[in-house]
Amino acid sequence: MNAEADDATLVTRCVAGDGAAWSALVDRFGPVVWAIARRARLDGDDEADVFQNTWRVAVEELSRLREPAAFAGWITQIARHQTLRMRRGYGIARSSMPLVAREDVDESRPDASIVEIEERHKVATAVSRIGAKCADLLRALYYEEPPPAYTEVAKRLGMRIGSIGPTRARCLAKLEKELGDGAAA
Amino acid sequence: MAQRPDRSPLHPPLRWFADRIDGKLAAARAATLDAHLAAGCAACSAREAALRRTVAALHAGPLEAPPPSLRRSAARLHATARVLAAFESVKRVVASLVVDGRAAPAFALRAAPGDERRMLWAMDHWEIDGCLVTGPRGADLLGQVLPLDEGACGKIDGELAARRGTRTVRERLTEDGRFSFRDLTPGVWRIEGRVGTTEFALPPLVVERAG
């Protein structure tokens, strides 16, 4: 049920006291929060603290979120602020930390690495919604480095090699539609 | 929601864009595609840019999941928050640090073994007296929670927890309000607790490394 619910529905259910909806939000956005915590190059315990503090603030403030559909951007901001707070703590306590990048200090500037994290999350979520056959094909073609040859993909997925190109195009079109980037081909 | 671009049947198919991104588009088709884009088709230019972002995100792969223990404790926060909200008589306050006898200057990066840092936090009707002693494996925080009203007597009931990352150390207050946290590793610790019906949190406590 929750896998299909959109963010706004999950947030509304959470505020109404639905613990399963909260769990679904943690599952959905946990990787985003974790990626933001990890990109700051804190030590392991502090990364864990950023993760925990982000969700602690979120659960305390969720009822005040005016636009439930804006949860993705909101939780990202909280994670970013928690990371900055942790790094400022380091500033007075540690000498071995690398300098804080300027982009981390100016909170008003868009942060390229966070945009990339959000894009990866958005695309991975969309891939999980376009059907197993398409998801398997796109994961096989793109998730591996170096990309496997079509012959290998065809063998693995039980497809004719000649159908991989056209099927990939159809799957990318479904993905494009899911992402809201444009019309299907 | 993104607006659907205006695309006539003469627009190149998505497969051409995908093939070009993958370096597999035949030269003749590439030339046709370039000519189409050069003619100023904004919809196809936007489509190609979006597809490039998508393919880059696909190549980067899905984000790493957080460790299961962290995921579980984050999932439990909702239930904890609801339990706390149910206790309307419980008052949650943030204690303020009113005295900080940091032995070293503010920009000191390391504390010497045996350094003592005395602190006093105030909140509601209570004070917390603390002493952070730096040792070889970390620091010990020794302290006492005392009522502001010096005439108040009786046993003190409460507990504290010091958290950092996945580590949580719990301490029950003695009857006269004393507590001790041993071997706190260098880093930022969060200390929370309850005394009587007052839930409280201290400002983050930075434990410096010795030596």
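**Let's talk about the overall build of chain B**
At step 1: Within chain B one finds four helices and 13 strands.
At step 2: Counting only residues that meet the buried cut, chain B has 27% of its 211 residues in that class.
At step 3: Considering only contacts in chain B between residues 6 or more positions apart, those separated by 24 or more positions represent 48%.

**Re the overall build of chain A**
At step 1: When you go through chain A residue by residue, the secondary structure sums to nine helices and zero strands.
At step 2: Counted from the first residue to the last, chain A has its helices and strands arranged as α-α-α-α-α-α-α-α-α.
At step 3: Classification of the 185 residues of chain A by burial places 37% in the buried group.

**Structural notes on the confidence of the model for chain A**
Residues shown with low pLDDT carry predicted positions that ought not to be read at fine detail.
At step 1: Per-residue pLDDT for chain A has a mean of 83; in total, 83% of the residues score no lower than 70.
At step 2: When mean pLDDT is taken per element in chain A, helix α2 (residues 19-39) of chain A scores highest with 94 and helix α5 (residues 102-105) of chain A scores lowest with 46.

**What about the interface of chain B and chain A?**
At step 1: Chain B puts 45 residues into the contact, and the matching count from chain A is 50 residues.
At step 2: Breaking the side of chain B that touches chain A down by element, the ones donating at least two residues are α1 (14-21), α3 (42-60), α4 (68-86) and β10 (187-195) of chain B.
At step 3: When grouped by side-chain class, the residues that make up the side of chain B that touches chain A number 26 nonpolar, eight polar and 11 charged.

**Observations regarding the packing of α1 of chain B against α3 of chain B**
All names here are of chain B.
At step 1: Where α1 contacts α3, the axes come no closer than 10 Å and their chain directions differ by 50°. If you check the angle between α1 and α3, you find them oblique. Classified by chirality, the crossing of α3 by α1 is right-handed. Between α1 and α3, the contacting residues are Phe17, Ala18 and Ile21 on the first element and Arg47, Glu48, Leu51, Arg52 and Val55 on the second.
At step 2: Taken together, the residues that form the contact of α1 with α3 break down as five nonpolar, no polar and three charged.

**Examining α1 of chain B**
At step 1: Among all positions of α1 of chain B, only Leu14, Trp16, Phe17 and Ala18 of chain B are buried.
At step 2: Looking at the packing, one finds that the buried side of α1 of chain B touches α9 (161-179) of chain A together with α2 (27-38) and α3 of chain B.
At step 3: In the segment just after α1 of chain B, Gly23 of chain B is the residue with positive phi, at about 75°.

**A closer look at the environment of Pro62 of chain B**
At step 1: In this fold, Pro62 of chain B is placed in the loop between α3 and α4.
At step 2: Under the C-beta neighbour-count criterion, Pro62 of chain B is labelled partly exposed, with 17 such atoms within 10 Å.
At step 3: Excluding residues within four positions of it along the chain, Pro62 of chain B makes contact with Arg120 and Ala124 of chain A.

**Section: the pairing of β10 of chain B**
Residue and element names in this part refer to chain B.
At step 1: Sheet topology places strand β7 (residues 158-164) next to β10; six bridges connect them, and they run antiparallel. Considered in β10, the bridge of Ala161 is made with Glu192.
At step 2: The sheet contact formed by β10 and strand β12 (residues 205-207) spans three bridges and is antiparallel. Residue Val188 lies in a different strand from β12, and its bridge partner there is Val206.
At step 3: Relative to strand β11 (residues 198-201), β10 is paired through four bridges, and the arrangement is antiparallel. Bridge pairing in β11 places Glu192 opposite Ala201.

**With respect to the confidence of the model for chain B**
All names here are of chain B.
At step 1: Looking at chain B, pLDDT values average 81 and 81% of them are 70 or higher.
At step 2: Confidence over residues 86-90 falls short of pLDDT 50; this stretch has four contacts with residues more than four positions distant or in other chains.
At step 3: Throughout residues 104-110 the model reports pLDDT below 50, and contacts reaching past four residues in sequence, or to other chains, amount to nine contacts.
At step 4: The ipTM, which scores confidence in the relative placement of chains, is 0.79 for this predicted complex, and the corresponding pTM is 0.63.

**Thoughts on the packing of helix α7 (residues 132-143) of chain A against α3 of chain B**
At step 1: One can describe the packing of α7 of chain A onto α3 of chain B by two numbers: an axis separation of 8 Å at closest approach and a directional angle of 80°. Between α7 of chain A and α3 of chain B, the interaxial angle falls into the category roughly perpendicular. Residues Leu138, Tyr142 and Tyr143 of chain A of α7 of chain A lie in contact with α3 of chain B, whose contacting residues are Val55, Leu58 and His59 of chain B.
At step 2: For the contact of α7 of chain A with α3 of chain B, a count of residues per class yields five nonpolar, one polar and no charged.

**Topic: the environment of Lys155 of chain B**
Residue and element names in this part refer to chain B.
At step 1: Assignment of secondary structure puts Lys155 in the loop between β6 (138-147) and β7.
At step 2: Residue Lys155 is classed as exposed on the basis of its 9 C-beta neighbours within 10 Å.
At step 3: Between the alpha carbons of Lys155 and Gly177 there is a distance of 8.0 Å; along the sequence they are 22 residues apart.

**A look at the nonpolar core**
In summary, soluble globular proteins display a tendency toward joint burial of nonpolar side chains.
Residue and element names in this part refer to chain A.
At step 1: In this structure, Leu25, Val33, Ala37, Phe51 and Ile75 are the most contacted members of the largest nonpolar core, which totals 57 residues.
At step 2: Here this core gets 12 residues from one element, more than from any other, and that element is α2.
At step 3: Leaving out residues up to four positions away in the same chain, Ile75 has contacts with Phe29, Val33, Thr54 and Ala58.

**Describing the pairing of strand β5 (residues 126-135) of chain B**
Residue and element names in this part refer to chain B.
At step 1: Burial along β5 is one-sided: Trp126, Ile128, Gly130, Leu132 and Thr134 are buried, and none of Glu127, Asp129, Cys131, Val133 and Gly135, which face the opposite way, are.
At step 2: Note: strand β4 (residues 116-123) against β5, eight bridges, orientation antiparallel. Within β5, the residue paired with Glu116 across the bridge is Val133.
At step 3: Between β4 and β5, which pair antiparallel one after the other, the connecting turn spans two residues, and Asp124 there sits at a positive phi close to 45°.
At step 4: The sheet contact formed by β5 and β6 spans 10 bridges and is antiparallel. Of the residues in β6, the one forming a bridge with Leu132 is Leu141.
At step 5: The turn joining β5 and β6, which pair antiparallel and follow one another in sequence, is formed by two residues.

What counts and how
- Within each chain, residue numbers correspond to sequence positions counted from 1 in written order.
- Naming scheme: in the order in which they are written, chains are lettered from A and ligands are numbered from 1.
- The predicted origin of the model limits local features to residues at a pLDDT of at least 70 and limits the giving and counting of side-chain atom pairs to 80 or more, whereas totals for whole chains, interfaces and linings rest on all residues.
- Counting from the N terminus, the helices are the DSSP runs of H or I reaching at least four residues and the strands are the DSSP runs of E reaching at least two.
- Backbone-placed C-beta atoms define the burial measure: a residue is buried with 20 or more other C-beta atoms within 10 Å of its own, exposed with 12 or fewer, and partly exposed in between.
- Think of it this way: build a C-beta for each residue from its backbone, and any pair within 7 Å is a contact.
- Every residue carries a pLDDT, the predictor's confidence in it, which falls somewhere between 0 and 100.
- Charged means Asp, Glu, Lys or Arg here, nonpolar means Ala, Val, Leu, Ile, Met, Phe, Trp, Tyr, Cys or Pro, and polar covers whatever is left, Gly included.
- A fitted line through C-alpha atoms serves as each axis, taken over the contacting stretch for helices, and the angle formed by two N-to-C directions is quoted from 0 to 180°.
- Roughly parallel means an angle under 35 degrees; roughly antiparallel means over 145; roughly perpendicular covers 65 to 115; every other angle is labelled oblique.
- Left-handed describes a crossing in which the near helix is turned anticlockwise from the far one by less than a right angle; the clockwise case is right-handed.
- At least two bridges found by DSSP between two strands are what make those strands a pair.
- Each nonpolar core reported here comprises buried Ala, Val, Leu, Ile, Met, Phe, Trp, Tyr and Cys residues connected via C-beta atoms within 7 Å.

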